[in-house]
Amino acid sequence: MKYSRVCIEAIETLLPQDYLTSTEIEARLDPLYERLNLPTGRIETMTGVLQRGLWPRDTLPSDISVQTVENLLRRTNVPRAQIGAFIHGSVCRDYQEPATACDAHRRLYLAQDAVIFDVSNACLGLLTGMIMIANMIELGQIKAGIVVGTETSRVLVETTIKELNANTSHTRQTIKDAFASLTIGSGSAAILLTDVSISETQNRLLGATVRANSQESALCRSQVDVSVGGKASGQTMKTDSGRLLVEGVALAKRAFEDFKEEFQLAPEDFSRLFCHQVGVAHERLLFQELGLDPDKNFGTFPYLGNTGSVALPTAAALGIDSGVVHNGDLLGFFGIGSGINVVLAAIQWNKTLPSRFPLPDDVLTRFRQLNNC
């Protein structure tokens, strides 16, 4: 998919105030660890995740998404009346129906002739929404659109801890399926796309490549929506992390070959790379198999965990606002989600709009240090 009229005007993120460390999680799992004689420190050692954020209890995704979009809109001069599409793309949502986008749209006072709906595509929901909006802009149907999402991990993490302690039939082998659930974090991100004719930045979305391997769709499954109404409980998520890692990276490698050919790009052409944030093993294998320079990566998972669909755009927003992205840089978005799906995108970045609600300097400094910037 190539685009000639689409710009990414701005990317915004909103982060939680409260954080739960991997050490604290293992302390809560003391009954399990003692029964199975598990060594402490395994979560941090195996994944590189030091902590993950948590929104206040009973927070609805739309509550945070509205704040994120307000911050996004105030960063730009695009009027609300010009937002022709509004998509909510996170795994977490307020209720099964109506679409979470509906309530957020109402509270944001966006135009009534806008297309509004939810997109569900695991960790690729926001990237999928970005492509759908880009297609509408390229076709001349709309001048601007926003995709937003908010992931809330508190219920997932707490339910997983409770189940692991309560189910005394668990063995070292069976707990592996729940391991990924303990790395999930909370966060929010939004992307504003515009037609080139109204763009202040001229940050051109050059195009994207998508690939799927639905034969491996059973590798990660959530049996209930752990966030609906902020009050769901019960069985959460089972993940074959090892196979999902191998199969996801293999699909990304095949997609990257097509991506390079279609856009006539080489790995060294990219100035900065933003990838889905899973953990240290995923990061290492992805960059190795795709032949990418790890020094160009901007990681967030040690301090945020895996924030699902908002992980990649959050990394991009933090990287851009940290000053590691410069005018003229070619950015790569490399997303992998369970299903398995892959989205690869290339963006020619030309201008960063200042935030009206910047993140604290100590937060940005932490991510600069993490990425040796």
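Structure shown above.
Let me sum up the structure you'll find in this document.

The rules behind the values
Residues numbered from 1 in each chain as written. Predicted model: local features only at pLDDT ≥ 70, side-chain atom pairs only at ≥ 80, totals over all residues. Heavy atoms only, no water. 1 Å grid on protein atoms, 1.4 Å probe; cavity = no way out; pocket = protein on both sides within 12 Å on 5 of 7 lines; lining within 4 Å. Points joined across faces, edges and corners; volume = space filled by probe spheres on them. Helix = DSSP H or I, 4+ residues; strand = E, 2+ residues; numbered from the N terminus. Nonpolar A, V, L, I, M, F, W, Y, C, P; charged D, E, K, R; others polar. Contact = heavy atoms within 4.5 Å. Buried < 20%, exposed > 50% of the residue type's maximum accessible area, 1.4 Å probe, protein only. Core = buried A, V, L, I, M, F, W, Y, C linked by side-chain atoms within 4.5 Å. Pairing = 2+ DSSP bridges. Right-handed = clockwise from strand over helix to strand, strands pointing away. Phe/Tyr/Trp six-rings, centres within 6.5 Å; stacked < 30°, edge-to-face > 60°. Lys NZ or Arg CZ within 6 Å of the ring centre and 35° of its normal.

1. Details of the layout of surface pockets
Then comes step 1: Put simply, the second largest pocket is a space of about 440 Å³.
Then comes step 2: Along the walls of the second largest pocket sit 25 residues, with Leu 15, Pro 16, Gln 17, Tyr 19 and Val 363 positioned nearest its centre.
Then comes step 3: Secondary structure elements with two or more residues in the lining of the second largest pocket: strand S1 (6-14), strand S2 (18-21), strand S3 (51-54), helix H4 (61-75), helix H11 (301-304) and helix H13 (361-370).
Then comes step 4: In terms of residue count, the dominant contributor to the lining of the second largest pocket is H13 (4 residues).
Then comes step 5: A per-class count over the lining of the second largest pocket returns 16 nonpolar, 5 polar and 4 charged.

2. A word on the environment of Thr 68
Then comes step 1: Inspection of the secondary structure puts Thr 68 in helix H4.
Then comes step 2: For the pair Thr 68 and Ser 188, spaced 120 residues apart in sequence, the C-alpha to C-alpha distance is 6.8 Å.
Then comes step 3: Sequence-distant contacts of Thr 68, that is, excluding residues within four places in its chain, are made with Glu 12, Thr 13, Leu 14, Val 148, Ser 188, Ala 189 and Ala 190.

3. Examining the environment of Ile 320
Then comes step 1: Position of Ile 320 relative to the elements: it lies in helix H12 (residues 311-321).
Then comes step 2: Residue class for Ile 320 comes out buried when judged on its relative accessible area of 7%.
Then comes step 3: Residues Ile 320 and Ile 11, spaced 309 residues apart in sequence, show a C-alpha to C-alpha distance of 8.5 Å.
Then comes step 4: Excluding residues within four positions of it along the chain, Ile 320 makes contact with Ile 11, Val 325, Trp 349 and Thr 352.

4. A look at the environment of Arg 243
Then comes step 1: Its place among the elements puts Arg 243 in helix H9 (residues 241-263).
Then comes step 2: For the pair Arg 243 and Glu 216, spaced 27 residues apart in the sequence, the C-alpha separation amounts to 9.0 Å.

5. Observations regarding the nonpolar core
Then comes step 1: Within the largest apolar cluster, 46 residues are counted, with the highest numbers of intra-cluster contacts made by Ile 8, Ile 133, Leu 193, Leu 205, Phe 274 and Phe 333.
Then comes step 2: Among the elements that take part in this core, helix H6 (residues 125-138) stands out by supplying 8 residues, more than any other.
Then comes step 3: Those residues in contact with Leu 193 that lie beyond four places of it in its chain are Val 6, Cys 7, Ile 8, Glu 9, Met 130, Ile 133, Ala 134, Ile 137, Lys 143, Ala 144, Gly 145 and Leu 205.
Then comes step 4: Leu 251, Phe 270, Leu 273 and Phe 287 belong to the second largest nonpolar core, which has 27 residues in total.

6. Description of the pairing of strand S4 (residues 83-88)
Then comes step 1: Where burial is concerned, most of S4 is hidden: 6 out of the 6 residues are buried.
Then comes step 2: As judged from the 5 bridges shared by S4 and strand S6 (residues 144-151), these two strands associate in the parallel manner. If you follow Ile 87 over to S6, its bridge partner there is Val 147.
Then comes step 3: In the classification by handedness, the crossover that spans S4, the intervening helix H5 (residues 100-108) and the parallel strand S5 (residues 115-118) is right-handed.

7. Things to note about the packing of aromatic side chains
Then comes step 1: For the coordinates displayed, the defined rule picks out 9 aromatic pairs.
Then comes step 2: Seen in terms of ring centroids, Phe 256 and Phe 334 are 5.4 Å apart; in terms of plane orientation they differ by 65 degrees. Their pairing is edge-to-face. Within this pair, whereas Phe 256 is found in helix H9, its partner Phe 334 is found in strand S12 (residues 330-337), the two being separated by 78 residues in sequence. Note on accessibility: Phe 256 and Phe 334 belong to one class, buried.
Then comes step 3: Aromatic pair Phe 259 and Phe 270: ring centres 6.3 Å apart, planes at 15 degrees, arrangement stacked. With Phe 259 in helix H9 and Phe 270 in the loop between H9 and strand S11 (272-275), this residue pair connects regions lying 11 residues apart in the sequence. With respect to class, Phe 259 is no different from Phe 270; both count as buried.
Then comes step 4: Every member of this aromatic cluster is reached through a ring pair, and the members are Phe 256, Phe 259, Phe 263, Phe 270 and Phe 334.
Then comes step 5: Stacked on the ring of Tyr 303, the Lys or Arg Arg 366 has its end atom at 4.2 Å from the ring centre.

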